[in-house]
Amino acid sequence: MSSRDDILGRVRAGLHRNASNAAVAREEMLAALTNRSQGPKPGIDAEPKALLERFRLKSEQQSSTVDIVAQESDVPAAVARYLAAMNLPKSAVAWPSLARLDWAAAGLQVEGRGARDADLVGITGCFCAVAETGTLMVCSSPDTPATVSLLPETHIAVVHASRILAYMEDAWAVARKELGALPRAVNFISGPSRTGDIEQTIVLGAHGPYRVHLVIVSD
Amino acid sequence: MHFKANVHAKLADVVLQGNLKNAKGKFVTRRAEAIKDLDDFEATRDAAAAIRNKVIDNLDLWLECFERKALDTGAQVLWAKDGVEVCRLVIEIAKKHGVTKVTKSKSMLSEEAGLNQALEAAGIQPVETDLGEYILQVDNNEPPSHIIAPAVHKSLDEVADLFHKVHGTPRKTDIPALTREAREVLRAHFLTAEMGLSGGNFLVAETGSVALVTNEGNGRMVTTMPKVHVVITGIEKVIPTLEDLSTLMRLLPRSATGQSISNYFSILTGVKKPEEHDGPEHLYFVLVDSGRADVVGGDFHEMLRCIRCGACMNHCPVYQTIGGHAYGWVYPGPMGSVLTPLYAGIENSIDLPHAATLCNQCGIVCPVKIPLPDLLRKLREKQTERGLRPLTERIGLRLWAWVAQRPKLYALGARVGARYLKWLAGDTDRIRLLPTAPEWTLGRDFPAPQGKTFRELYAARRSSTPRA
Ligand code: SF4
């Protein structure tokens, strides 16, 4: 007998599985998969201004820094400002989807591609953002490679205010509508990587970025 | 597993005692703070328990559902009855893809299976990448002492000595500098390993995905950089939908580390598309039984709800005093005292169900409402039913039962006992050493009785107070 059959057989025996209780259970399973009921959620003011404010506050609590600009064309200058203030290099890798911005005008050398180990700054967008916890939702695709938010020591993310949602549940609904099936990797990112493994002392910058800077486009 | 001997050693270990004391307050206060921002924590716990019940009550169907979906995404699904089979499957996969190095993010199942040793024996290098797990691996493969913070028993000084020794770098005691040193060593491994191995916090039936919770980003590394990704996880980890995932995620990081969300929460589905820049080309799920299937539908069914947050051990007075290694296997604390007997055999872990005061701190904090003290009590019953308790205890209990059924004799015994204890205490109100049960007074004093038994006091009171 295959291990699969053996394991499932013993699970079925434990549950006293028979044809009639299987039919009932199958229906319940189908219902759960179609209803997708949601659990209790903390109350959040869903008014756009309040969402932005909460997202900003929570992001800062996660040790991200936040800048707000009026329109997307302001992003390169904002990024250049941040890099200068932090004494970071003026060259970066970015999602191919962001290569269309006029980075050169802001004095930056930006290449749209996946990241390599030597890249020090990575610039990404995000699929949407979650105000409840101050979290970016980042989806992988050829135009939005996962490595850009992972390998470089500095991660800069462009967030459109209109994409800030209250809850992770809302983000799933948008993903189903806009993407259909889930992409290979959905990453929820909340601030720089960290570890508390030595004496429960939180240190920023474990294996991922040391710093996360958000440029919110208020649209 | 020599629990009692371990306990004595751990209690006498001054360094360990200091490290444990340092750790315990942090976990407890951070969690208490973090649950405050859920408006209805109790209702969220109820919802989480209901989600887990939904699956484990019909586990066969949910497993088939997950398997179907995962296959649709291009993943492969393998099944392992025990640790031996886990090792065999993983080594087969590695050989098939010409793997010489495996980077690992934390997987308790791989600890259960002893996978690192098996990989090494097969000539494949396993590299632990969670900082805590890495510290333990380079310290002669020491086992973890906590499921969330594996190296919680180690002090900064110990880590400083260790890194100095294994990395051959100048000794440093600055925690950020030590962390950077590990980052640099491990980055090289991330970039060169052909296979990444992870556990799975949840398997989502709706989408055939695995959900991974990490803070360090190592989980992302091992599932993004190598060309092969293997997920090793228990068969009970399935949950229905992405919405259910969101509910459970409100509880897991809060209960584990007191974070409202972990830094990285990754939902991984299928393999890299040809036009994609990164991601594994091959994804394997190894669904592991190792004792779980036989727990389904039985007396300990509820234990399968566990989401491995570690809150029960963080709040356990016994764990806080002896640390995780004393429990002798992969899972420490109250959850371990239930799981170890179930997965490794009741007869192999006689002391564990007794390593609890039944104070129910664990039951109160468990995010999926597992009644841990009830389960521990049931395990004690099983031991007694199967005649596994020591002979002296069994005879003692028989004797006690015989006496307890004879009220006059019992009263006499109690009178003699109470007076004997009072005599032992002398002028003080406590007994430093109980000659009949020295272990009871090993780390504490025994309060001395006043000299009269309850029945004597009761009788005296009835005769002195006039009836109304
Ligand atoms: S038993 Fe409950 S508290 Fe303990 S690890 Fe499992 S889910 Fe967490």
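Thresholds applied
- Counting restarts for each chain, with residues numbered from 1 along the sequence as it is written.
- To read the labels, note that chains go from A and ligands from 1, taken in the order they are written.
- Only residues with pLDDT of 70 or above have their local features reported here, since the model is predicted, and side-chain atom pairs are shown and tallied only from 80 upward, although totals for entire chains, interfaces and linings are computed over all residues.
- The basis for every side-chain value is the complete set of heavy atoms in the structure, and neither hydrogens nor water enter the calculation.
- All domain edges in this entry derive from an automatic or database-based domain assignment.
- In these notes, residues near a molecule or strand are those with any non-hydrogen atom within 4 Å of it.
- Residues are grouped as follows: Ala, Val, Leu, Ile, Met, Phe, Trp, Tyr, Cys and Pro are nonpolar; Asp, Glu, Lys and Arg are charged; all remaining types, including Gly, are polar.
- Following DSSP output, two strands are said to pair if at least two bridges run between them.
- Strands here are runs of E lasting at least two residues and helices are runs of H or I lasting at least four, both read from the DSSP assignment and numbered beginning at the N terminus.
- Every residue pair with non-hydrogen atoms within 4.5 Å of one another is taken to be in contact.
- Summed over both partners, the accessible surface that disappears when two parts come together, traced with a 1.4 Å probe, is what is meant by buried area.
- Salt bridges are identified by distance alone: a Lys or Arg side-chain nitrogen within 4 Å of an Asp or Glu carboxyl oxygen.
- Identification of polar contacts relies on pairs of N or O atoms within 3.5 Å, with a donor-acceptor requirement for protein atoms, meaning one able to donate a hydrogen and the other able to accept it, and with residues adjacent in sequence counted only if both atoms are side-chain atoms.
- Axes here refer to lines fitted to C-alpha atoms; in helices the fit is confined to the stretch in contact. Angles between the N-to-C directions go from 0 to 180 degrees.
- Angle categories: roughly parallel below 35 degrees, roughly antiparallel above 145, roughly perpendicular from 65 to 115, and oblique for all the rest.
- Two rings from Phe, Tyr or Trp (for Trp, the six-membered ring) form a pair when their centres sit within 6.5 Å of each other. Planes less than 30 degrees apart are called stacked, planes more than 60 degrees apart edge-to-face, and all others tilted.
- Burial classes: relative accessible area under 20% of the type maximum marks a residue as buried, over 50% as exposed, and values in between as partly exposed (1.4 Å probe, protein chains only).
- Charge-over-ring placement is defined geometrically: NZ (Lys) or CZ (Arg) within 6 Å of the ring centre, and within 35 degrees of the ring normal.
- For a helix, the expected span equals 1.5 Å multiplied by the number of residues minus one.

Asks: Let's hear about the domain arrangement of chain A: which residues, and what values?
Replies: Domain boundaries in chain A define domain 1 (1-36) and domain 2 (47-217). Relative placement of domain 1 of chain A and domain 2 of chain A: their C-alpha centres are 42 Å apart.

Asks: Could you give an account of the site of the ligand, naming the residues involved and the relevant values?
Replies: In the vicinity of the ligand there are 13 residues, among which B:C306, B:C309, B:G310, B:C312 and B:C366 approach most closely. Class assignment for the residues of the shell around the ligand results in 11 nonpolar, one polar and one charged.

Asks: Give a detailed account of the sheet that holds strand β6 (residues 209-214) of chain B, specifying residues and quantitative values.
Replies: Pairing between sheet strands relies on hydrogen bonds along the backbone, with the strands arranged either parallel or antiparallel. The eight strands lie next to each other as β8(A)-β5(A)-β6(A)-β9(A)-β9(B)-β6(B)-β5(B)-β8(B), forming an open sheet whose pairing is mixed. Each edge of the open sheet is held by one strand with a lone partner, namely β8 (164-165) of chain A together with β8 (238-239) of chain B. Pairing of strand β6 (residues 135-139) of chain A with strand β9 (residues 185-189) of chain A involves four bridges; the strand directions are antiparallel. Bridge pairing in β9(A) places A:L136 opposite A:I189.

Asks: Account for the interface of chain B and chain A, naming residues and giving values.
Replies: Between chain B and chain A, the residue contacts involve 99 residues of the former and 75 residues of the latter. Summing both partners gives a buried area of about 7,400 Å² for chain B against chain A, and 55% of it is carried by carbon and sulfur. Counting the surface chain B buries against chain A, the share from its top three residues, B:R183, B:R220 and B:E243, is 10%. Taken together, the connections running from chain B to chain A amount to 13 salt bridges. Across the salt bridge formed by B:D60 and A:R12, the nearest N and O atoms sit 3.9 Å from each other. Summed over the shared surface of chain B and chain A, the number is 48 residue pairs in polar contact (both at pLDDT 80 or more).

Asks: Quick one: what's the story with the packing of helix α2 (residues 14-34) of chain B against helix α12 (residues 242-257) of chain B, residue by residue and with numbers?
Replies: Packed helix pairs are specified by the crossing angle of their axes together with the interaxial distance, meaning the distance between the axes. Residues and elements named next belong to chain B. Contact geometry for α2 and α12: axes closest at 6 Å, N-to-C directions at 150 degrees. Comparing the axis directions of α2 and α12 gives the class roughly antiparallel. Contacts between α2 and α12 involve F27, R30, R31 and A34 from the former and R254, S255, A256 and T257 from the latter. Classifying every residue of the contact of α2 with α12 by side-chain character gives three nonpolar, two polar and three charged.

Asks: So what's going on with the packing of aromatic side chains? Which residues, and what values?
Replies: Under the defined criterion, the tally for this structure stands at eight aromatic pairs over all chains. Between the aromatic rings of B:Y420 and B:W423, the centroid separation amounts to 6.3 Å while the plane-to-plane angle is 25 degrees, which identifies the pairing as stacked. With B:Y420 and B:W423 both in helix α19 (residues 407-425) and three residues apart, this pair spans about one turn of that helix. The exposure class of B:Y420 is partly exposed, given its relative accessible area of 34%. A relative accessible area of 65% means that B:W423 is categorised as exposed. A network of ring pairs unites the aromatic residues A:W172, A:F188 and B:F265 as a single cluster. The ring of A:Y167 is capped by A:K41, whose NZ or CZ atom sits 5.3 Å from the centre of that ring. Between B:R308 and the ring centre of B:Y331, over which it is positioned, the NZ or CZ distance is 4.9 Å.

Asks: Provide a residue-level description of helix α15 (residues 333-344) of chain B, including the pertinent values.
Replies: All names here are of chain B. Its 12 residues give α15 an end-to-end C-alpha distance of 15 Å, which sits within 8% of 16 Å, the value for a rise of 1.5 Å per residue. Of all 12 residues making up α15, 11 are buried, and the element is well covered by its neighbours. Those residues of α15 that fall on the buried side of the exposure criterion are G333, P334, M335, G336, S337, V338, L339, T340, P341, L342 and Y343. On its buried face, α15 is in contact with α6 (108-113), α13 (311-314), α14 (317-322), α16 (361-365) and α17 (372-385). One or two steps after α15, the chain reaches G345, where phi turns positive at roughly 105 degrees.

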